[in-house]
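What follows is each chain in one-letter form.
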Amino acid sequence: MEERREFPAFPYEPYSIQLDFMTALYQSLNKGGVSMLESPTGTGKTLSIICSALQWLADRKQHQKTQADSSSNLSGKQEDQLGGDDEPDWMRNFVIDKDTKSPEKKTKGKKKMGSNKRFDRKGKKEVVRDLITNGGGKEEDTDIEKVNNLPTKHEVEGMDEAEFLVEEYESEDDNGGRQKRKGGGVSANSSSEEEKDEDGMEEEEEEEEARPKIYFCSRTHSQLSQFIKELRKTKFADEVNVICLGSRKNFCINQEVLKLGSSTQINERCLELQKSKKKEISKISKTKNIRACGRVGRSKTSSGCPMLRNRKRGKEFRSDVSQQGPLDIEDLVQIGHDLKTCPYYGSRSMVHTADLVVLPYQSLLSKSSRESLGLSLKDSVVVIDEAHNLADSLVSMYNSKITLSQLELVHSHLESYFKRFRNLLGPGNRRYIQIVMVLTRAFLQVLHNENCQSNFDPGCNAEGSKSGFDSSMAINEFLFSHNIDNINLFKLLKYVEESNIIHKVCGYGHKVALSKEVSALKNDDQSSHDESALSGFQALVNILLSLTNKDGDGRIIISRTKPKCSMQQGGYLKYVMLTGEKIFFEILNQAHAVILAGGTLQPIEETKERLFPWLPPDQLHFFSCGHIIPSENILPIVVPQGPSDHSFDFSYSTRSSSVMIQELGLLVSNLVNVIPEGMVLFFSSFDYEGQVYDAWKESGIIGRIMKKKRIFREPRKSTDVEIVLKEYKETIDAVSGSSSKRDPVSRNGAILLAIVGGKVSEGINFSDGMGRCIVMVGLPYPSPADIELMERIKHIEGFDTSIGKNTKFQAERSWYSGDAKGGLHILKSCKHRGKQYYENLCMKAVNQSIGRAIRHINDYAAILLVDTRYTFDPSERSSSHSTNKLPQWIKSRLVSATKNYGELHRLLHQFFKFHKGKEDNQ
């Protein structure tokens, strides 16, 4: 039998580099804390991390087994601590002798994180509340589960109006410290009310959850699938239990549900199907509380979804997956298809037995997602890949937003419900429903009001209001200005959670709408912009939760933008989280160690200050690896002017000039003659790419380019990207495969017009012929008109590292009017941190884009930085120059500038001629 390679990363790097790195990483895992790995080697880097982490986990298990044996026999030597030898045997011998499958019971963990207590504006201690998590417009499964008791359309039609009457409710303060409710109530989302299942598996799984694991997360499902495929090549594939998690949309095999299209509708329908069957059971036995998204796989009850009716098939699914080693999402879905059982809940049910859990960002970094999936980070190792923008990604998960249309729908449902049941409601319910209506009415007034009507109106006082549409406010300012500061949001949220009010209001609203035959939910083919009452209520809850955060943790964005067409959402309220250290503390405090990996992590000071400023220096370990390719395999060049000697300046004020666009077109139409196979052009935005393409088409440049290369454009819809990339690759493969027979005047490849920050620039590998030349058009600075970005910059600029707190950034409010000019004024007022953050955003985007090429040791490519602002004098380049933020492996080989296009053409011709000769010889 052929022996499996232990470390498949070796073909990507020399043995010595690989082993030195893994030894150092293994030692840092023993110490705990945060390890940051910056390496451009792609999969080789990731596998090195996982191999080190898995071996650490195996050694930990062996150590614990040895300790247990020694204690029971009262003999033998006691080991002082795990990892006493800085270089373990497996590093020296390249073999694993230890038992990676030794059984383990609950391990002793670290101390639990302290309570996050906050004080209200009057100094009184409020209810303890964790930082909120919400969808924020993303594909999030867990948000809908919070308010999952919405009845189905068929149930609504057959229900009597009396069934919509909410049960009597009184808060603790109103009832002498005791809650008064009628029996038989079902909570909307109280996890504490979940009873143990009849099969008694609850306690056993709780114990299993405590065992340490390795959690590996990345940004996209495709990156996770790529990782799983490489993991199969290692000997660990046969020695550890691996499970891959994902969203319902990626896992669902119920064709009737998949037809709905959008993630939100798929999530809602999935929970609705489960609940419809469980409601029949609850009529028989109302003594058990059955939640709509109950723990599938633990309950003996069947489900309304045909893929969850047979528990035996679920067991077969788990058995098949366990026997086949590491499987990606596509593999799990195929097994689910074959067995006709749900792979989404099937994979979730296997988390407690896994050694390595592979999952998307959102599922691990979001606290509510972790709780929903039953993930315990206690004493585990968390690996976060593609961590170059981790701070921004983390805080954006805790944003919340409600649109004008959602508010109008929610308020309409509340008014209709209150009007019908007002005289039947108890005093507690009547009061709380009225409070919710006061809030929705206040929010609607905010979005409708464009004129100043009070001394503290946001139209007069909020930053950005001079535009008439967008403004930003602190939480306290927002509450006081709209006279809602006297509402106890903690008690209100507790009422919403415990009273089942969302269930009742939505159910009655659906009945009324169905009776009038105007319900948007009646048509399964409704467009994605149609709002449902369920998502509207969840958005409202998320906004209210956000308003309970500390005043300085975030800002309220008020947008009164009027929609230009029916497809646009119009105005909205949005809470933007600005601080991420508390969120990351929850992860780091529970986990044994956290590893941040990426091609570009520097400057690490920014990440440290934004995520873990409290971390002691000896708990932060940084590793930086160079690229493995020889120097002659890369040709990075600054291109300051075009063929007509016009200087390239793609700054915001000049990039749209016809001279600049046409000069760029001349450059590209010349480059396609000298660059073989695939070529990728990166533009700063879809709008600018469209503007350039239209101008080139009108002037005939597109026709000239098409004579040599077929043109592809990155689509706006992410679902169409795969199709475009497939055609792009097939075009290049066809050219490469017939290169010896090719007519000299025929096409020599393809060109892809891509967007910085788009799908193509994140995680897509343009190896070999797919990326022989990467062209970066300009410096892709984010738009200064982005009000959320400006709030983030002001927050970062005001952070004082000496005291570890944020001091309010001082800038004249008149400077910011919600447009690009106002944003530029804010940037000019930033002295250091805010300005540096803005520049880092730009260069990280550049590095991510140009890093799509050169994916293995024999790969080669040219990189062209097209803008005069990239130009520098090698003898005088300052540390603040943009090119100093390029990766070292590019910076050290960068040609600072070419005198004219002729020199550029000569360098490119020589470069590709040299490598064509090497390929022919081989």
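Refer to the structure presented above.
Residues numbered from 1 in each chain as written. Predicted model: local features only at pLDDT ≥ 70, side-chain atom pairs only at ≥ 80, totals over all residues. Heavy atoms only, no water.

With that settled, the discussion passes to the overall build of the protein chain. Helix and strand content of the protein chain: 34 helices and 21 strands. Counting across all 922 residues of the protein chain, residues that qualify as buried make up 56%. Put simply, 79% of the contacts in the protein chain that link residues at least 6 apart link residues at least 24 apart. Entry remark: accessible area of the protein chain is about 40,500 Å², with carbon and sulfur atoms responsible for 48%. (Helix = DSSP H or I, 4+ residues; strand = E, 2+ residues; numbered from the N terminus. Buried < 20%, exposed > 50% of the residue type's maximum accessible area, 1.4 Å probe, protein only. Contact = heavy atoms within 4.5 Å. Areas by Shrake-Rupley, 256 points an atom, 1.4 Å probe, with all protein chains shown as cover.)

We now examine the nonpolar core. Core analysis: the largest hydrophobic core is formed by 147 residues, its most contacted members being Phe443 and Phe478. No other element matches the 10 residues that helix α18 (residues 427–448) contributes to this core. The contacts of Phe478, once residues within four sequence positions are left out, are Phe443, Val446, Met473, Ile484, Leu547, Ile556, Ile558 and Leu573. Counting residues in each nonpolar core, the second largest holds 41 residues, with Leu635, Tyr688, Val692 and Leu904 among its members. (Core = buried A, V, L, I, M, F, W, Y, C linked by side-chain atoms within 4.5 Å.)

We now examine the sheet that holds strand β18 (residues 773–777). Taken together, the six strands give an open sheet; going across it, the order is β14-β21-β18-β15-β17-β16, and neighbouring strands pair in parallel fashion. Strands with a single pairing partner mark the edges of an open sheet, and in this sheet they are β14 (634–639) and β16 (709–713). The sheet shows a mean angle of 15° between the axes of neighbouring strands, taken without regard to direction. In the sheet, strand β15 (residues 677–683) pairs with β18 via four bridges, with the strands oriented parallel. Opposite Met679, over in β18, you have Cys773 as the bridge partner. Together, β14, β15, β16, β17 (749–755), β18 and β21 (861–866) form the strand contacts of helix α26 (residues 658–674), whose direction differs from that of β15 by roughly 165°. Across the sheet, helix α27 (residues 686–699) is in contact with β15, β16 and β17; its angle to β15 comes to roughly 120°. (Pairing = 2+ DSSP bridges. Axes fitted to C-alpha atoms, helices over the stretch in contact; angles between N-to-C directions.)

What follows concerns empty space enclosed by the protein. By the definition in use, this model includes eight cavities of 30 Å³ or more. Approximately 130 Å³ is the volume found for the second largest cavity. Taken together, 14 residues form the lining of the second largest cavity, with Cys252, Asn254, Cys270, Cys305 and Cys342 sitting closest to its centre. Looking at which element gives the most residues to the lining of the second largest cavity, the answer is helix α10 (residues 263–284), with three residues. (1 Å grid on protein atoms, 1.4 Å probe; cavity = no way out; pocket = protein on both sides within 12 Å on 5 of 7 lines; lining within 4 Å. Points joined across faces, edges and corners; volume = space filled by probe spheres on them.)

Running from N to C, α26 and α27 cross one another at 75°; their axes reach a closest spacing of 10 Å. The angle between α26 and α27 falls in the class roughly perpendicular. Contacts between α26 and α27 pair Ile661, Gln662, Leu664, Gly665 and Val668 from the former with Tyr688, Gln691, Val692, Ala695, Trp696 and Ser699 from the latter. Across the contact of α26 with α27, the residue classes tally to seven nonpolar, four polar and no charged. (Parallel < 35°, antiparallel > 145°, perpendicular 65-115°, else oblique. Nonpolar A, V, L, I, M, F, W, Y, C, P; charged D, E, K, R; others polar.)

Here Asp645, not a glycine, exhibits a phi torsion of approximately 70°, which is positive. Positionally, Asp645 belongs in the loop between β14 and α26. Of the residues examined, Asp645 reaches a relative accessible area of 53% and is grouped as exposed.

Glancing now at the packing of aromatic side chains. Within the structure shown, the criterion is met by 21 aromatic pairs. Arranged with centres 4.1 Å apart and planes meeting at 20°, the rings of Phe216 and Phe227 form a pair that is stacked. Placement of the pair is Phe216 in strand β4 (residues 214–218) and Phe227 in helix α7 (residues 221–231), with a sequence separation of 11 residues. Considering the side-chain rings of Phe911 and Phe912, the 5.1 Å spacing of their centres and the 80° angle between planes classify their relative orientation as edge-to-face. (Phe/Tyr/Trp six-rings, centres within 6.5 Å; stacked < 30°, edge-to-face > 60°.)

Let us now look at the side chain of Ser882. Mapping Ser882 onto the fold places it in the loop between β21 and α33 (888–891). Overall, the relative accessible area of 11% leaves Ser882 in the buried class. With residues near it in sequence (within four places) discarded, Ser882 still touches Leu779, Met843, Arg869 and Tyr870.

What follows deals with the pairing of β21. Counting buried positions along β21 yields six of six residues, so the element is predominantly enclosed. Judged by which residues are buried, β21 turns out to be covered on both faces: Ala861, Ile863 and Leu865 on one side and Ala862, Leu864 and Val866 on the other are all buried. In terms of strand pairing, β14 meets β21 through six bridges, oriented parallel. Bridging from a neighbouring strand, Leu635 pairs with Ala862 of β21. Note that β18 and β21 share five bridges and pair parallel. Directly across from Val775, in β21, lies its bridge partner Leu864.

Taken together, four strands build an open sheet; the order of strands is β8-β11-β10-β9 and the sheet is antiparallel. Here the strands that pair on one side only, and so sit at the sheet edges, are β8 (400–403) and β9 (470–473). The sheet shows a mean angle of 15° between the axes of neighbouring strands, taken without regard to direction. Looking at chain direction, β8 and strand β11 (residues 572–577) are connected through four bridges and run antiparallel. Among the inter-strand pairings, Ile402 is bridged to a residue of β11, identified as Leu573. Strands β8 and β11 of the sheet are contacted by helix α23 (residues 533–546), whose axis makes an angle of about 135° with β8.

This part is about the environment of Ser405. Turning to its location among the elements, Ser405 is positioned in helix α17 (residues 404–421). Given the relative accessible area of 28%, Ser405 is considered partly exposed. Along the primary structure Ser405 and Gly571 are separated by 166 residues, whereas in three dimensions their C-alpha atoms are 8.3 Å apart.

Once that is clear, we can look at the packing of helix α30 (residues 787–797) against helix α32 (residues 833–850). Interaxial distance between α30 and α32 falls to 7 Å at its minimum, and their mutual angle equals 130°. The angle between α30 and α32 places the two elements in the oblique class. Classified by chirality, the crossing of α32 by α30 is right-handed. Each of Leu789, Arg792, Ile793, Ile796 and Glu797 in α30 lies in contact with α32, whose residues at this interface are Arg833, Gly834, Lys835, Tyr837, Tyr838 and Leu841. The class makeup of the residues in the contact of α30 with α32 is six nonpolar, one polar and four charged. (Left-handed = near helix turned anticlockwise from the far one by under 90°.)

A separate point is the pattern of salt bridges. One pass over the full model with this rule turns up 26 salt bridges. With its nearest N and O atoms 3.2 Å apart, the salt bridge here joins Asp859 to Arg772. Here Asp859, found in the loop between α32 and β21, pairs with Arg772, found in the loop between β17 and β18; they are 87 residues apart in sequence, far enough to count as distant. For the pair shown, Asp859 and Arg772 are each scored as buried. Between Glu839 and Lys885 there is a salt bridge; the shortest N-O distance is 3.9 Å. On the criterion of sequence distance, the pair formed by Glu839 in helix α32 and Lys885 in the loop between β21 and α33 is long-range, its members being 46 residues apart. A network of salt bridges, in which partner residues are shared, links Asp392, Glu606, Arg610, Arg792 and Lys844. (Salt bridge = Lys/Arg side-chain N within 4 Å of Asp/Glu carboxyl O.)

With respect to the helices and strands, the residue His905 is situated in helix α34 (residues 901–921). Counting along the chain gives 230 residues from His905 to Ile675, while the straight-line C-alpha distance between them is 9.6 Å. Residues in contact with His905, not counting those within four places in the same chain, are Asn670 and Val674.

Looking now at the pairing of β15. Extensive coverage of β15 is indicated by the burial of seven of its seven residues. Bridge analysis of β15 against β17 gives seven bridges, and the strand direction is parallel. Considered in β17, the bridge of Met679 is made with Ile751.

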